[in-house]
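Geometric and topological summary
In case you want the letters, here they are:
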Amino acid sequence: MALAKHMDYHLHTAVTVDGNMSELEACERAMALGIQEIAFTNHVMLNQSDYLIAPDAFIRHWENIQACQARYPNIRIRLGIEMDYYPGREGEIRKKIQFYEGLINRSFDLVLGSIHDIHGGFFSNKAVAVGFFEMRDLVTTYREYYQLAACAAQSKLFDIMAHPDLIKKYTYLLTSPVPWESYADQIEAYIKELISNGVGIEINTKGLKLPVQETYPSDQFLERYLARAKELGNDPIITVGSDAHKAQDVGYGISGVIQTLQKYQVSMLTSFSHREKSAFPI
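**Considerations on the sheet that holds strand β1 (residues 7-11)**
The 7 strands are arranged β1-β2-β3-β4-β5-β6-β7 in an open sheet whose pairing can be described as parallel. In the strand order of this sheet, the two ends are held by β1 and β7 (238-241), each with one partner. Where β1 meets strand β2 (residues 37-44), 3 bridges bridge the pair, whose relative direction is parallel. Paired with Asp8 across the strands is Ile38, a residue of β2. The strands that helix α7 (residues 219-231) touches are β6 (200-204) and β7; relative to β6, the one it contacts most, it runs at about 155°.

Given below as structure tokens:
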């Protein structure tokens, strides 16, 4: 039986404050693990100055990726970006994506959409999240998150929505679980917008390292997404990523995700090049 093919489509390097690896270190780790395709997807958050890539750093980032492509021809290395969504700022987001593309005279291979911020509250940052969740009703907050996520999918700014249920990040640490039934209708609306607008989802393994102890999204979310795609006659659009910020985390948990997808009879992930989709057999 042939070994499953693996991708890691969510990697962060030291061009923003959170990254702790170089492009070369990431590629060396991917090569050691036998990963066939990777994507670098550094943050751009318009509300967080520490998460904006400086122009010179972005140019060096692309130069480093090109050097890696030449050094590791057996790995397909993609240039991506993880761009945060803010309602009402779609034009600004689009211009920022185009700005970075203009610096290197080349389009991104893919753009991940993210939501780390609800109404100015940086809920994914632990220092901020303590006060954020203390001041808010959890059910209302979850519903607001998925409303924003549906708007992000509807904007068509993004190819993939990263960690699609990130709002649960601090479950069991700062918050109690929120019953699925209390926001299931918002999940369904979100999934509908994803599928109708041709936007995919990422299965992100980083939650497996946290108290929540599950991928983003949960298996329940994934089941609903796959079922809805089938009902509508659409092929699922899925990438897999470790959300690694250091080299030892590249590829973390991805073998398990591939096995889960195969159990759901998913045989293809989605690869991106210059924002065009193609099948990635697993």
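Let us keep going from here.
**Some points on the environment of Asp185**
Examined against the element boundaries, Asp185 turns out to sit in helix α6 (residues 184-196). Owing to a relative accessible area of 43%, Asp185 belongs among the partly exposed residues under this scheme. Along the backbone, Asp185 and Ile203 are 18 residues apart, and their C-alpha atoms lie at a distance of 21 Å.

**Considering the packing of aromatic side chains**
A complete count under the given rule lists 14 aromatic pairs for this structure. Pairing Phe58 with Tyr100 gives two aromatic rings, centres 5.0 Å apart and planes at 55°, and the pair type is tilted. Of the two residues, Phe58 is situated in helix α2 (residues 55-71) and Tyr100 in helix α3 (residues 90-104); the sequence distance between them amounts to 42 residues. With a centroid separation of 6.0 Å and 45° between ring planes, the pair formed by Tyr146 and Tyr190 is classed as tilted. With Tyr146 in helix α5 (residues 138-155) and Tyr190 in helix α6, the pair connects residues that are 44 residues apart, well separated along the chain.

**Some words on a nonpolar patch on the surface**
Where nonpolar side chains cluster on the molecular surface, the patch consists of Val130, Leu173 and Leu174 and spans about 210 Å² of accessible area. Position of Leu174 relative to the elements: it lies in the loop between β5 (160-161) and α6.

**Focus: the packing of helix α1 (residues 23-33) against α2**
Contact pair α1 / α2: the axes reach a minimum separation of 9 Å and the direction vectors enclose 30°. For the element pair α1 / α2, the angle class is roughly parallel. Crossing of α1 over α2 shows right-handed handedness. For the pair formed by α1 and α2, the contact residues are Glu23, Leu24, Cys27 and Glu28 on the first element and His61, Asn64, Ile65, Cys68 and Arg71 on the second. Considered class by class, the residues forming the contact of α1 with α2 number 4 nonpolar, 2 polar and 3 charged.

**Comments concerning α5**
With 18 residues, α5 extends 26 Å from end C-alpha to end C-alpha; this agrees with the ideal 26 Å at 1.5 Å per step. Of the residues making up α5, those classed as buried are Leu138, Thr141, Tyr142, Tyr145, Tyr146, Leu148, Ala149, Ala150, Ala152, Ala153 and Ser155. With a side-chain oxygen lying 3.4 Å from the backbone nitrogen of Val139, the N-terminal cap of α5 falls on Asp137. Downstream of α5 by one or two residues, Lys156 has phi in the positive range, about 60°.

**Observations concerning unusual backbone geometry**
Omega for the bond connecting Tyr216 with Pro217 falls within 30 degrees of zero, at 0°, which places this linkage in the cis form. Assignment of secondary structure puts Pro217 in the loop between β6 and α7. Backbone geometry places Asn105, a non-glycine residue, at a positive phi of 55°. Note that Asn105 resides in the loop between α3 and β4 (110-114).

**Quick look at the side chain of His10**
Structurally, His10 can be placed in strand β1. A distance of 2.9 Å separates a polar atom in the side chain of His10 from a polar atom in the side chain of His12. At 2.9 Å, the side chain of His10 forms a polar contact with the side chain of Glu82. Leave out the neighbours within four places in its chain, and His10 touches Ala39, Thr41, Glu82, Leu112, Ala162, His163, Glu202, Asn204, Gly241, Ser242, Asp243 and Ala244.

**Concerning α2**
In a regular helix each residue adds 1.5 Å, so 17 residues correspond to 24 Å; α2 covers 25 Å between its end C-alpha atoms and thus fits that length. Where α2 is concerned, the buried positions are Ala57, Phe58, His61, Trp62, Ile65 and Cys68. Seen from one end, α2 has its buried residues packed into an arc of 140°, which puts them on one side. Opposite the buried face of α2, by more than 90 degrees, sit the exposed residues Ala70 and Arg71.

About the criteria used
- Residues numbered from 1 in each chain as written.
- Predicted model: local features only at pLDDT ≥ 70, side-chain atom pairs only at ≥ 80, totals over all residues.
- Heavy atoms only, no water.
- Pairing = 2+ DSSP bridges.
- Helix = DSSP H or I, 4+ residues; strand = E, 2+ residues; numbered from the N terminus.
- Contact = heavy atoms within 4.5 Å.
- Axes fitted to C-alpha atoms, helices over the stretch in contact; angles between N-to-C directions.
- Buried < 20%, exposed > 50% of the residue type's maximum accessible area, 1.4 Å probe, protein only.
- Phe/Tyr/Trp six-rings, centres within 6.5 Å; stacked < 30°, edge-to-face > 60°.
- Patch = residues over 30% accessible without salt bridge, like charges linked within 9 Å, V, L, I, M, F, W, Y side chains within 5 Å.
- Areas by Shrake-Rupley, 256 points an atom, 1.4 Å probe, with all protein chains shown as cover.
- Salt bridge = Lys/Arg side-chain N within 4 Å of Asp/Glu carboxyl O.
- Parallel < 35°, antiparallel > 145°, perpendicular 65-115°, else oblique.
- Left-handed = near helix turned anticlockwise from the far one by under 90°.
- Nonpolar A, V, L, I, M, F, W, Y, C, P; charged D, E, K, R; others polar.
- Expected span 1.5 Å × (residues − 1).
- Polar contact = N/O pair within 3.5 Å; in protein donor to acceptor, adjacent residues only side chain to side chain.
- Arc of directions from axis to C-beta.

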